Amino acid sequence: MINLGIIGLGKWATVLATAATQSSKIRIISAYSRSQETREKFTAKHHIPHTNNVDELLSNPEIQGVILTVPNELHFEYAKLCAEHNKHVYIEKPITNNLSEGMKLKEICNHLGVGVFIGHVAKLLSGIQIISQEIQSGKLGELCLIEGNFSNERALSLNLDNWRWYQSKAPGGPLSQIAIHLFDVFRFLGGPIAEISAMSSKKSPVGAEVEDQWLVNMQFESGTLGSITSSWTSPGVFEVRVVGTKGLMHYRLDQTKWGEPESLYRDASLIFQGVGESFMNAVEYPLPPDNMFQKELELFGEMISGHRQELFDANYGIEILGLVEASRMSSLQNSAKINLKCFLSNKEGSR
């Protein structure tokens, strides 16, 4: 059994704490938030003891790893603190609020021998896993195109008290908050991405600093093309469509239940439509019960036990955050194509 602590006790901490209780491989034994009221409410709800200061949690010799569910702008600060206390660290996506911090955190953790696990969880969805298996089996033929949409109505309720209002705290709005999940899925299904271009706009009437509409196009190193749509003024949408020379697969789920992983499969669909066949005759796949958050926490536990997790580590997190920042640069440069390897290399060199 792997013992974990958790820092940051908001909505997402509740989702992960609930997932952890369903696992026989990991358990959360201590919690911390800067707010005493939040600490007490979390303990009352989840029956997990809390500490009144972060050093007390990080000094606990029983804790082998720490889950961070703090705002993006605090990822680097708290992850560095965990590393300095020799605690492996799970960081909710993105790895940090910007690439410079992500690259610096990687160096610090490598130097201290501490593992980093980034919560890029969407590729663990059962529908995405089945699509990956069918790509590998050859059922789709040669992979040609991947399309995705992850949207919700967040920008319609933003205000000055919400950290997502600010470009410095939520760069690109939905780009760094929800579209980043599709960057993860696309990278998982299609392999490394060579070039990316993007455009954005602001349509929400609230007037937040961040953009709330994104269109992102990309070309994979294989030559496959990809397209991501993300809107923060939309009803909840999560869907992925993969097209090959033999057919397509289309996966949809109820985005409003994203934080209820145990029930996601019930309101999801995955179909295969062969070339030359009507969509009316598409074959529907049964989707098994699963819990992507439980799976990722158990993978974090495996990393702590010495098993590498290359699809969740610091290098991977930097690559995915690089797609976010390259998209933002492209949007500022009239949708210019950005070569990802050159972009990341230049960012590394500028440090």
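Up top you'll find the structure we're talking about.
Draft legend 1. A look at the packing of aromatic side chains. Under the defined criterion, the tally for this structure stands at 9 aromatic pairs. On the numbers, 5.0 Å between centres and 50° between planes, the contact of Phe 150 with Trp 258 is tilted. Within this pair, whereas Phe 150 is found in strand E6 (residues 143-151), its partner Trp 258 is found in the loop between strand E11 (247-253) and helix H8 (261-264), the two being separated by 108 residues in sequence. Residue classification places Trp 258 among the buried positions, given a relative accessible area of 7%. Ring pairing ties together the aromatic residues Tyr 90, Phe 117, Phe 300 and Phe 312, which thus form one cluster.

Draft legend 2. Structural detail: the layout of surface pockets. Taken as a whole, the largest pocket holds about 1,100 Å³ of empty space. Taken together, 41 residues line the largest pocket, and the ones lying closest to its centre are Lys 11, Trp 12, Arg 154, Trp 163 and Arg 164. For the lining of the largest pocket, the secondary structure elements donating two or more residues are helix H1 (11-21), helix H4 (75-84) and helix H7 (174-190). In terms of residue count, the dominant contributor to the lining of the largest pocket is H1 (4 residues). Residue classes in the lining of the largest pocket are distributed as 17 nonpolar, 16 polar and 8 charged. Empty space within the second largest pocket amounts to approximately 280 Å³. Residue lining of the second largest pocket: 16 residues in total, with Asn 110, Gly 115, Val 116, Asp 313 and Ala 314 positioned closest to the centre. Breaking the lining of the second largest pocket down by element, the ones donating at least two residues are helix H5 (99-112) and helix H10 (314-332). Counted by class, the lining of the second largest pocket contains 5 nonpolar, 7 polar and 4 charged residues.

Draft legend 3. Broad picture of the sheet that holds strand E1 (residues 2-7). Spatially, E2-E1-E3-E4-E5 is the arrangement adopted by the 5 strands of the open sheet, whose pairing is parallel. Strands at the two margins of the open sheet, each flanked by one partner only, are strand E2 (26-32) and strand E5 (116-118). Neighbouring strand axes in the sheet, compared pairwise and without regard to direction, differ in orientation by 25° on average. Here E1 pairs with E2 via 6 bridges, running parallel. Residue pairing across strands places Asn 3 opposite Arg 27, the latter belonging to E2. Relative to the sheet, H1 contacts E1, E2, strand E3 (65-68) and strand E4 (88-91), its axis offset from that of E2 by approximately 145°.

Draft legend 4. Structural detail: the environment of Asn 3. Note that Asn 3 resides in strand E1. For the pair Asn 3 and Ser 30, spaced 27 residues apart in sequence, the C-alpha to C-alpha distance is 8.9 Å. In this structure, Asn 3 is in contact with Arg 27, Ile 29, Glu 62, Ile 63, Gln 64 and Gly 65, ignoring residues within four places of it in sequence. Polar side-chain contacts of Asn 3 include one of 3.4 Å to the backbone oxygen of Glu 62.

Draft legend 5. Examining the side chain of Glu 134 more closely. By secondary structure assignment, the location of Glu 134 is in helix H6 (residues 126-137). Of the side chains bearing the opposite charge, Lys 139 lies closest to the buried Glu 134, which forms no salt bridge; the N-O distance is 4.7 Å. A distance of 2.5 Å separates polar atoms of two side chains, one belonging to Glu 134 and the other to Tyr 285. With residues up to four places along the chain from it excluded, the contact list for Glu 134 reads Lys 139, Leu 140, Met 249 and Tyr 285.

Draft legend 6. Seen up close, the packing of H1 against helix H2 (residues 36-46). Contact pair H1 / H2: the axes reach a minimum separation of 11 Å and the direction vectors enclose 25°. Taken together, the axis directions place H1 and H2 in an arrangement best described as roughly parallel. Read as a crossing pair, H1 and H2 show a hand that is right-handed. Within the contact between the two elements, H1 uses Ala 13, Thr 14, Ala 17 and Thr 18 and H2 uses Phe 42, Lys 45 and His 46. Classifying every residue of the contact of H1 with H2 by side-chain character gives 3 nonpolar, 3 polar and 1 charged.

Draft legend 7. A look at the pattern of salt bridges. Under the counting rule described, the total for this entry stands at 11 salt bridges. With a shortest N-O distance of 3.9 Å, Glu 73 and Lys 169 are connected by a salt bridge. Of the two residues, Glu 73 sits in the loop between E3 and H4 while Lys 169 sits in the loop between E6 and H7, which places them 96 residues apart along the sequence. Judged by relative accessible area, Glu 73 falls into the partly exposed class, the value being 32%.

Draft legend 8. Here's a closer look at H2. Listed as buried for H2 are Arg 39, Phe 42 and His 46. The buried residues of H2 occupy an angular sector of 70° when projected down its axis, which confines them to one face. Projecting away from the buried face of H2 at angles above 90 degrees are the exposed residues Glu 37, Lys 41, Ala 44 and Lys 45. Two residues or fewer past H2, His 47 is found with a positive phi of approximately 60°.

Here is what the cut-offs are and how they apply
- Residues numbered from 1 in each chain as written.
- Predicted model: local features only at pLDDT ≥ 70, side-chain atom pairs only at ≥ 80, totals over all residues.
- Heavy atoms only, no water.
- Phe/Tyr/Trp six-rings, centres within 6.5 Å; stacked < 30°, edge-to-face > 60°.
- Helix = DSSP H or I, 4+ residues; strand = E, 2+ residues; numbered from the N terminus.
- Buried < 20%, exposed > 50% of the residue type's maximum accessible area, 1.4 Å probe, protein only.
- 1 Å grid on protein atoms, 1.4 Å probe; cavity = no way out; pocket = protein on both sides within 12 Å on 5 of 7 lines; lining within 4 Å.
- Points joined across faces, edges and corners; volume = space filled by probe spheres on them.
- Nonpolar A, V, L, I, M, F, W, Y, C, P; charged D, E, K, R; others polar.
- Pairing = 2+ DSSP bridges.
- Axes fitted to C-alpha atoms, helices over the stretch in contact; angles between N-to-C directions.
- Contact = heavy atoms within 4.5 Å.
- Polar contact = N/O pair within 3.5 Å; in protein donor to acceptor, adjacent residues only side chain to side chain.
- Lys, Arg positive; Asp, Glu negative; His and termini not counted.
- Salt bridge = Lys/Arg side-chain N within 4 Å of Asp/Glu carboxyl O.
- Parallel < 35°, antiparallel > 145°, perpendicular 65-115°, else oblique.
- Left-handed = near helix turned anticlockwise from the far one by under 90°.
- Arc of directions from axis to C-beta.

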